[in-house]
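# Analysis of the macromolecular model
The chain contents come next:
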Amino acid sequence: MSEAQIRDFDPAFEALEPAEPLAPVVFNSPHSGRVYPPQFLHQVRLDLPTLRRSEDTDVDALFEGVVERGMPLMRAHFPRSLVDVNREPYELDPRMFDGRLPTFANTRSMRVAGGLGTIPRVVGEAQEIYARRIAIDEALTRIEVLYKPYHRALRRLIAATHRAFGEALLVDCHSMPSMAPIREDRPRADMVIGDRYGTSCAPAVTDLIEGVLKARGYHVVRNKPYAGGFITEHYGQPQTGMQAVQIEINRAIYMDERSYRRTAHFPRLQADLMVLAEALARLPLDRSGDWRVAAE
């Protein structure tokens, strides 16, 4: 990755912080980046609309109102198809690269096998991104200049929140295509809550999210087909006071998936998500440090 590519982002990501933190909740939009450097576009075999299928378009905009409500928001500007921060730092497919991978690279994960490693091989329904192999040095540079700084900034936000409140909840915000792959046996819900099957956050957190969203009229399911990726698993450690939950939003309820334009429902969804954010901000702790639902 060249210096010119890095300058194309300016900045590569943002940590939007409130003037005064008011709640132990951090929001994160790691896949909403939509700045595609020209040099990257010259490397790929796909056109830009196809590349954007892996993008969580406008998810950062859906949640940006949390900042004025006293909660920080992280968002990427670089696209997921360039480097995916919701993976381990070195989930790499050796078939993609010219050169020797580091000995510590994870080359055998299910995500690598599916073409969705730290440097993705495919987008959409297994559409190959590259026409030829890319240099391993370029892949490692993407990890050094984009992936690692992003996670350092995210860790800083979570740690600062934990210090201020004695607890921190990370809400990892994503979107999903409305059309499910053939292998899925059910229609896509409006929202999928991922808590790693109850291991990344207290049950009260998931219960509250589900309750608020259902009360606003959304069809909500848990963990299938998305239980949470690396970010939810890595940062969700309730025993240490660090909790994490993932929210996947069906794109059809807020955007035209062909044109990538917002629909008339966007403002309503945005407002409903702010109702959810405010409810999470009010979710108190008991004396053991566990989240619990406040009495009505």
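The structure presented is a predicted model; accordingly, all values stated were derived computationally and were not measured.

Ranked by internal contacts, the top residues of the largest apolar core, which has 43 residues, are Phe27, Phe63, Met191, Ile249, Leu273 and Leu280. Those elements that provide at least two residues to this core are strand 2 (25-29), helix 4 (59-63), strand 8 (168-176), strand 9 (191-194), helix 7 (203-215), strand 11 (242-250) and helix 9 (266-282).

Next up on the list: the sheet that holds strand 1 (residues 13-16). In spatial order, the strands read 1-3-2-8-11-9-10; together these seven strands make up an open sheet with mixed pairing. Each having just a single partner strand, strand 1 and strand 10 (220-222) make up the two edges of the open sheet. Neighbouring strand axes in the sheet, compared pairwise and without regard to direction, differ in orientation by 20 degrees on average. As defined by bridge partners, strand 9 adjoins strand 10 across three bridges and the pair is classed as parallel. Within strand 10, the position partnered with Met191 by the bridge is Val220. Across the sheet, helix 6 (residues 136-165) lies against strand 1, strand 2, strand 3 (73-76), strand 8 and strand 11, angled at about 165 degrees from strand 2, the strand it touches most.

Here we take up the pairing of strand 11. Among the nine residues that make up strand 11, eight are buried, leaving the element largely enclosed by the rest of the structure. In the sheet, strand 8 pairs with strand 11 via nine bridges, with the strands oriented parallel. Its bridge partner being in strand 11, Leu170 is matched across the sheet by Ala244. Two elements, strand 9 and strand 11, share four bridges in a ladder whose sense is antiparallel. Across the sheet, the residue bridging to Met191 is Ile249, located in strand 11.

Take empty space enclosed by the protein next. Counted under the stated rule, the structure contains one cavity of 30 Å³ or more. Roughly 30 Å³ of internal volume is contained in the largest cavity. Lining the largest cavity we find Ser54, Arg80, Ser81, Leu116, Pro120, Val122 and Val123. Split by residue class, the lining of the largest cavity holds four nonpolar, two polar and one charged.

Conventions used here
- Residues numbered from 1 in each chain as written.
- Predicted model: local features only at pLDDT ≥ 70, side-chain atom pairs only at ≥ 80, totals over all residues.
- Heavy atoms only, no water.
- Core = buried A, V, L, I, M, F, W, Y, C linked by side-chain atoms within 4.5 Å.
- Buried < 20%, exposed > 50% of the residue type's maximum accessible area, 1.4 Å probe, protein only.
- Helix = DSSP H or I, 4+ residues; strand = E, 2+ residues; numbered from the N terminus.
- Pairing = 2+ DSSP bridges.
- Axes fitted to C-alpha atoms, helices over the stretch in contact; angles between N-to-C directions.
- Contact = heavy atoms within 4.5 Å.
- 1 Å grid on protein atoms, 1.4 Å probe; cavity = no way out; pocket = protein on both sides within 12 Å on 5 of 7 lines; lining within 4 Å.
- Points joined across faces, edges and corners; volume = space filled by probe spheres on them.
- Nonpolar A, V, L, I, M, F, W, Y, C, P; charged D, E, K, R; others polar.

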